[in-house]
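Chain by chain, the residues:
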Amino acid sequence: MKFLDEYRDFSAVQKMAQAIRRITTRHWTLMEVCGGQTHTIVKTGLQELLPETVTLVHGPGCPVCVTPLVTIDRAVAIALRPEVILCSFGDMLRVPGSTLSLFDAKALGADVRIVYSPLDALNLARANPNREVVFLAVGFETTAPANAMAVWEANRQKVFNFSMLVSHVLVPPAMETILSSPDCRVQAFLAAGHVCMVMGFEEYLPISQKYRVPVVVTGFEPLDLLEGIQMAIAQLESGRAEVENQYVRAVRRPGNRAAQERVSDVFEVTRRSWRGIGEIPASGLRLREAYSRFDAELRFPGRLLQEAEESRECIAGLVLQGIRKPYECPAFGTRCTPDIPLGAPMVSSEGACAAYFHFGRRENNGNPIVSIAGARN
Amino acid sequence: MCLAIPGKIVSIVEDGHLGLRRGRVDFSGIRKDVCLDYTPEARVGDYVLVHVGFALAVVDEAEAYRVFEALRELDQLDELKESVTQ
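Bear in mind the structure is a predicted one, so any value in this text is a computation, not a measurement.

This brings us to the overall build of chain B. The helix and strand tally for chain B stands at one helix and five strands. When the helices and strands of chain B are placed in sequence order, the string is β-β-β-β-β-α. Pairs at least 24 residues apart make up 32% of the contacts formed inside chain B by residues separated by at least 6 positions.

Before going further, it helps to examine the overall build of chain A. Helix and strand content of chain A: 16 helices and 13 strands. Its C-alpha atoms give chain A a radius of gyration of 21 Å, near enough to 21 Å, the size a compact globule of 377 residues would have. Within the span of chain A, comprising 377 residues, buried residues form 55% of the whole. Put simply, 74% of the contacts in chain A that link residues at least 6 apart link residues at least 24 apart.

Our focus in this paragraph is the packing of helix H1 (residues 10-23) of chain A against helix H11 (residues 222-237) of chain A. Residues and elements named next belong to chain A. Here H1 crosses H11 at 15 degrees, and the two axes come no closer than 10 Å. The angle between the axes of H1 and H11 places the two elements in the roughly parallel class. For the crossing formed where H1 meets H11, the hand is left-handed. Between H1 and H11, the residues in contact are Ala12, Val13, Met16, Ala17, Ala19, Ile20 and Ile23 and Pro222, Leu223, Leu226, Glu227, Ile229, Gln230, Ile233, Ala234 and Glu237, respectively. Among the residues making up the contact of H1 with H11, the classes are represented as 13 nonpolar, one polar and two charged.

Turning to the interface of chain B and chain A, a few remarks are in order. Taken together, the 28 residues of chain B in the interface contact 45 residues of chain A. Broken down by secondary-structure element, the contributors of at least two residues to the side of chain B that touches chain A are strand E4 (47-51), strand E5 (54-59) and helix H1 (61-73) of chain B. Considering every element that reaches the side of chain B that touches chain A, the biggest residue donor is E5 of chain B, with four residues. Along the lines of polarity and charge, the residues of the side of chain B that touches chain A split into 17 nonpolar, six polar and five charged.

What follows concerns the sheet that holds strand E9 (residues 243-245) of chain A. Residue and element names in this part refer to chain A. In spatial order, the strands read E2-E1-E7-E8-E9; together these five strands make up an open sheet with parallel pairing. Edge strands, defined here as strands with exactly one partner in the open sheet, are strand E2 (54-58) and E9. Across the sheet, the mean angle separating the axes of adjacent strands is 25 degrees when strand polarity is ignored. In terms of strand pairing, strand E1 (residues 28-32) meets strand E7 (residues 188-192) through three bridges, oriented parallel. For Leu30, the partnering residue across the bridge sits in E7 and is Ala188.

Moving on: helix H6 (residues 118-127) of chain A. Of all ten residues making up H6 of chain A, eight are buried, and the element is well covered by its neighbours. Residues Pro118, Leu119, Asp120, Ala121, Leu122, Asn123, Leu124 and Ala125 of chain A constitute the buried set of H6 of chain A. Against the buried residues of H6 of chain A lie strand E3 (84-88), strand E5 (132-139), helix H7 (144-156) and strand E6 (162-169) of chain A together with strand E3 (30-35) of chain B.

Turning next to the confidence of the model for chain B. Of the residues in chain B, 83% reach a pLDDT of 70 or more, and the chain-wide mean stands at 84. The ipTM for the predicted assembly is 0.88, set against a pTM of 0.90.

With that settled, consider unusual backbone geometry. All names here are of chain A. Positioned with a positive phi, Ala282 is a non-glycine residue whose angle comes to about 50 degrees. By the element assignment, Ala282 lies in strand E11 (residues 278-287). By C-beta crowding, Ala282 is classed as exposed, having 12 other C-beta atoms within 10 Å.

With that settled, the discussion passes to the pairing of E3 of chain A. All names here are of chain A. Buried residues dominate E3, accounting for five of its five residues. Going residue by residue along E3, you find Val84, Leu86 and Ser88 tucked away on one face and Ile85 and Cys87 tucked away on the opposite face as well. Here E3 runs beside E5; their pairing, made up of four bridges, is parallel. Bridge pairing in E5 places Val84 opposite Glu132.

Right, let's get into the sheet that holds E6 of chain A. Residues and elements named next belong to chain A. Pairing is mixed across the open sheet formed by six strands, whose spatial order is E4-E3-E5-E6-E11-E10. Strand pairing shows two members of the sheet lacking a second neighbour, strand E4 (111-114) and strand E10 (267-274), which therefore form its edges. Pairs of neighbouring strands in the sheet enclose a mean axial angle of 25 degrees, with direction left out of account. Contacts between helix H4 (residues 69-79) and the sheet are confined to E3, E4, E5 and E6, with E3 contributing the most and set at about 145 degrees to the helix.

A word on the pairing of strand E8 (residues 215-218) of chain A. Residues and elements named next belong to chain A. Burial along E8 is two-sided: Val215 and Val217 facing one way and Val216 and Thr218 facing the other are all buried. When E7 meets E8, the two strands line up parallel, connected through four bridges. Note on E8: the bridge partner recorded for Ala191 is Val217. Assessed by its sense of winding, the connection that carries the chain from E8 through H11 to E9 is left-handed.

Right, let's talk about the environment of Ser11 of chain B for a bit. Residue and element names in this part refer to chain B. Its place among the elements puts Ser11 in strand E1 (residues 5-14). You can call Ser11 exposed: it has 11 C-beta atoms within 10 Å. It is 7.4 Å that separates the C-alpha atoms of Ser11 and Val25, two residues lying 14 residues apart in sequence. The residues touching Ser11, leaving out its near neighbours within four places in the chain, are Gly23, Arg24 and Val44.

Before going further, it helps to spend a moment on the nonpolar core. If you look at the biggest cluster of nonpolar residues, it comprises 150 residues, and the most contacted ones within it are Ala79, Leu86, Phe189 and Ala191 of chain A together with Phe54, Ala55 and Leu56 of chain B. Those residues within four positions of Ala79 of chain A in sequence are excluded, and the remaining contacts are Val84, Leu86, Leu102, Ala105, Ala110 and Val112 of chain A.

Residue and element names in this part refer to chain A. Over its 13 residues, H7 extends 18 Å from the first C-alpha to the last, a length consistent with the 18 Å expected when each residue adds 1.5 Å. The buried fraction of H7 amounts to ten of the 13 residues, a majority that puts the element mostly inside the structure. Every buried residue belonging to H7 is among Ala144, Pro145, Ala146, Asn147, Ala148, Met149, Ala150, Val151, Glu153 and Ala154, and all of these are buried.

Conventions adopted
- Residues numbered from 1 in each chain as written.
- Chains lettered and ligands numbered in written order.
- Predicted model: local features only at pLDDT ≥ 70, side-chain atom pairs only at ≥ 80, totals over all residues.
- Helix = DSSP H or I, 4+ residues; strand = E, 2+ residues; numbered from the N terminus.
- Contact = placed C-beta atoms within 7 Å.
- Rg over C-alpha atoms; globule rule 2.2 N^0.38 Å.
- Buried ≥ 20, exposed ≤ 12 C-beta atoms within 10 Å, placed from the backbone.
- Axes fitted to C-alpha atoms, helices over the stretch in contact; angles between N-to-C directions.
- Parallel < 35°, antiparallel > 145°, perpendicular 65-115°, else oblique.
- Left-handed = near helix turned anticlockwise from the far one by under 90°.
- Nonpolar A, V, L, I, M, F, W, Y, C, P; charged D, E, K, R; others polar.
- Pairing = 2+ DSSP bridges.
- pLDDT = per-residue confidence, 0-100.
- Right-handed = clockwise from strand over helix to strand, strands pointing away.
- Core = buried A, V, L, I, M, F, W, Y, C linked by C-beta atoms within 7 Å.
- Expected span 1.5 Å × (residues − 1).

Here it is as structure tokens:
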């Protein structure tokens, strides 16, 4: 599907867009915090169906994009040890560290592998008892149950040549940081459906009340997103600030209790640095003391790496907070592309910069162009 | 990378070596082993939403079809092709 008119429910999409136009009387800015939703919005040109007074900004919803540089540098340093097999999800390997990405390390001879599941990494550890298998664990609440289970199973099966470099992040504290910023433009949030499938949505109630901001749990399909936007604007127009659930097909208020329990067995909440945003209190997960023997940071205690400097030109931090759009960056599409990214949002297909690069449509001297990538072809 | 992909459980192995309960799940032709510990209610023939090898919710067939088609249209099924690179 290149454009929304190829979507099989296009008539339903048009009806929902009309409903949004009917109820919108003022300027509103909404943020989604889910890379999958960002991908859908930009790829299908959803913004163009909305009234001009409604602006969608894209929050820090891509775990690859917010993983700090120092974590990637540490993963690279561990990967370069001869006894190590370092595994992670595919997108993680391309993210530039301060000098090398994990792919660069692989090219230098490091044993770096892409896995589909953290259990694949655990299997590799069982199959290679003379090697150290390290899994670089990134992700939001959706991915935490999988990574928690891998550690729990490693402990149960006594697979002690398995360890995890944990850089897990949590969505609600990032939302609070964005809302607390004096530059905040966000008036309503679309909460990520699959995060809420695990966590439920009760933790959004205090945020909605404290900041008087509507939060609508939303799926990732075009029609889901439009319905979520419609529900958020209906709240804004009537002065309400509540937590509502658009994605009732998959999300229950309490979420998946079994998954939550395993996560809190294995992990505990900690402060975490977010690339482009900085440190946020109580915004990440780390291994509990009882599982510290599986902590790759303790097993491979390199010298304390300095927080490396980001490219001076890259405005990823402002993009991730919804303050700037990707194409407002002077390097966008020229000195920063998916082939030679300056910042992480240009790397992952769920990053806002890469999504705009591949699919974003905007006027260029009065001529609409399909995308930066398309305009080049 | 937080998307969950729907598939149909074709068989279940209790007490597998990875996870207490594992299922073979069919994603429109691609079959994978999936941990079912977080969906103890899931049975053979059920549709589950799967994220990085773990079923996180049971959904009905119509929803599973709808989500799979949406993911296909949005080119978001690549993670199914990823397996351990040797």
